[in-house]
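Examination of the molecular architecture
Read off the chains here:
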Amino acid sequence: MRLHSTAAVLLLIGAATLATPPANAEEAPRQITVTGAAEVLAPPDLATITAGAQTQATTAAQALEGNSTLMTEIFAELEGLGVARADLQTSQLSLDPVWEQPADGQSTPPKIVGYQASNMVTIKLREISTLGSVIDALGGAGANRIFGVSFEVEDPRPLLDQARTQAMADARAKAELLTKAAGVTLGPVLTIHDTPAMGSLGPLRAKADMAMATPVAEGTVTLGADVEVVFGLE
């Protein structure tokens, strides 16, 4: 009987040891992770347009000469409109052969019948109200290729800061709502991860004061921010 009692005591001690967690075991952190998002709309203050001339001639020299003449007139027109040289940048310059393809059923190889020169310049306009007039002036100066009109905010940092502040408030509001519903108390902020969102054009709004020029709608620029916030739970 004494042996059986000793064995029973040892079994009980072993079971208690297994059931007791190690002294250095860490408890799972009590925390909640939420995301906040916000967008800020603002009128753009910078317009970018790509324009230029494309010319074609029998020889490469003639194509380049004709193109240079047109581009000289285009640059002079832009300078007369007050566009600074620092706001002009050549974005494409090319000279390509023009091929004549053989008629159907003929086995003759294609041949070069001329050359095509192209010169494109990217223009930054800091007075968006002049965009329609500038487009008209470019056409009048000989520009036969105009594309790539875009709008942006030159210094987006204040707007992004505003979006970040609103995104953080959105994250806290979500955390407070969820913890209240769960019956727990929201604790301090543990970590914040900031992810600025890409800017984009908002709904376009037409301008009524451009009746004498090419109508242009500059719309609004959308700047946003996303944050991921980890709160502790009390």
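Since the model is a prediction, treat every value here as computed from it, not as a measurement.

1. Some remarks on the overall build of the chain
Summing up its helical and strand segments, the chain has four helices and eight strands in all. Helices and strands appear in the chain in the N-to-C order α-β-β-α-β-β-α-β-α-β-β-β. Going through the 234 residues of the chain one by one, you find that 32% of them count as buried. When contacts within the chain are restricted to residue pairs at least 6 apart in sequence, long-range pairs at least 24 apart make up 79% of them. Looking at the chain as shown, the accessible area adds up to about 14800 Å², and 57% of this sits on carbon and sulfur atoms.

2. Some words on the sheet that holds strand β3 (residues 88–100)
The strand order β3-β4-β2-β5 describes an open sheet built from four strands, whose pairing is antiparallel. With partners counted over all chains shown, the strands left at the sheet margins are β3 and β5 (145–152), one partner each. Strand after strand, the sheet turns through a mean of 15 degrees between neighbouring axes, direction not considered. Pairing geometry for strand β2 (residues 46–57) and strand β4 (residues 111–125), over eleven bridges, is antiparallel. Within β4, the position partnered with Ala 57 by the bridge is Tyr 115. Across the sheet, helix α2 (residues 60–80) is in contact with β2, β3 and β4; its angle to β2 comes to roughly 150 degrees.

3. Focus on the environment of Val 34
By the element assignment, Val 34 lies in strand β1 (residues 31–42). Val 34 gets classed as buried once you look at its relative accessible area, which sits at 6%. Along the backbone, Val 34 and Leu 178 are 144 residues apart, and their C-alpha atoms lie at a distance of 9.5 Å. Leaving out residues up to four positions away in the same chain, Val 34 has contacts with Ala 171, Ala 175, Leu 178, Val 227, Glu 228, Val 229 and Phe 231.

4. Things to note about the pairing of β1
Only one face of β1 is covered, namely the one carrying Ile 32, Val 34, Gly 36, Ala 38, Val 40 and Ala 42; the face carrying Gln 31, Thr 33, Thr 35, Ala 37, Glu 39 and Leu 41 has none of its residues buried. Where β1 lies against strand β8 (residues 221–233), twelve bridges are found, and the strand directions are antiparallel. Within β8, the position partnered with Thr 35 by the bridge is Glu 228.

5. Structural notes on the packing of aromatic side chains
Enumeration over the complete set of coordinates arrives at zero aromatic pairs. Above the ring of Phe 75, the side-chain terminus of Arg 85 is found at 4.8 Å from the ring centroid.

6. Considerations on the pattern of salt bridges
Any two side chains of opposite charge can pair, given that their charged atoms come close. Applying the stated criterion to the full structure yields seven salt bridges. With a closest N to O distance of 2.8 Å, Arg 126 and Asp 87 form a salt bridge. Residue Arg 126 is located in the loop between β4 and α3 (131–141), and its partner Asp 87 is located in the loop between α2 and β3; the two are separated by 39 residues in the primary sequence. Three or more residues are tied together by salt bridges with common partners; here these are Asp 87, Arg 126 and Glu 154.

7. Remarks on the packing of α2 against α3
With their axes 9 Å apart at the nearest point, α2 and α3 run at an angle of 150 degrees to one another. One finds that α2 runs roughly antiparallel with respect to α3. For the crossing formed where α2 meets α3, the hand is right-handed. Where α2 abuts α3, its residues Leu 70, Glu 73, Ile 74, Glu 77 and Leu 78 lie against Val 134, Ala 137, Leu 138 and Ala 141. Classifying every residue of the contact of α2 with α3 gives seven nonpolar, no polar and two charged.

8. Details of the layout of surface pockets
Taken as a whole, the largest pocket holds about 170 Å³ of empty space. Forming the walls of the largest pocket are Leu 81, Gly 82, Val 83, Ala 84, Asp 87, Lys 124, Leu 125, Arg 126, Glu 127, Thr 130, Ser 133 and Val 134. Mapped onto the lining of the largest pocket, the elements with two or more residues apiece are β4 and α3. Each residue belonging to the lining of the largest pocket can be placed in one class, and the counts come to five nonpolar, three polar and four charged.

Cut-off values and rules
- Residues numbered from 1 in each chain as written.
- Predicted model: local features only at pLDDT ≥ 70, side-chain atom pairs only at ≥ 80, totals over all residues.
- Heavy atoms only, no water.
- Helix = DSSP H or I, 4+ residues; strand = E, 2+ residues; numbered from the N terminus.
- Buried < 20%, exposed > 50% of the residue type's maximum accessible area, 1.4 Å probe, protein only.
- Contact = heavy atoms within 4.5 Å.
- Areas by Shrake-Rupley, 256 points an atom, 1.4 Å probe, with all protein chains shown as cover.
- Pairing = 2+ DSSP bridges.
- Axes fitted to C-alpha atoms, helices over the stretch in contact; angles between N-to-C directions.
- Phe/Tyr/Trp six-rings, centres within 6.5 Å; stacked < 30°, edge-to-face > 60°.
- Lys NZ or Arg CZ within 6 Å of the ring centre and 35° of its normal.
- Salt bridge = Lys/Arg side-chain N within 4 Å of Asp/Glu carboxyl O.
- Parallel < 35°, antiparallel > 145°, perpendicular 65-115°, else oblique.
- Left-handed = near helix turned anticlockwise from the far one by under 90°.
- Nonpolar A, V, L, I, M, F, W, Y, C, P; charged D, E, K, R; others polar.
- 1 Å grid on protein atoms, 1.4 Å probe; cavity = no way out; pocket = protein on both sides within 12 Å on 5 of 7 lines; lining within 4 Å.
- Points joined across faces, edges and corners; volume = space filled by probe spheres on them.

Worth remembering: the numbers are spatial, not functional.
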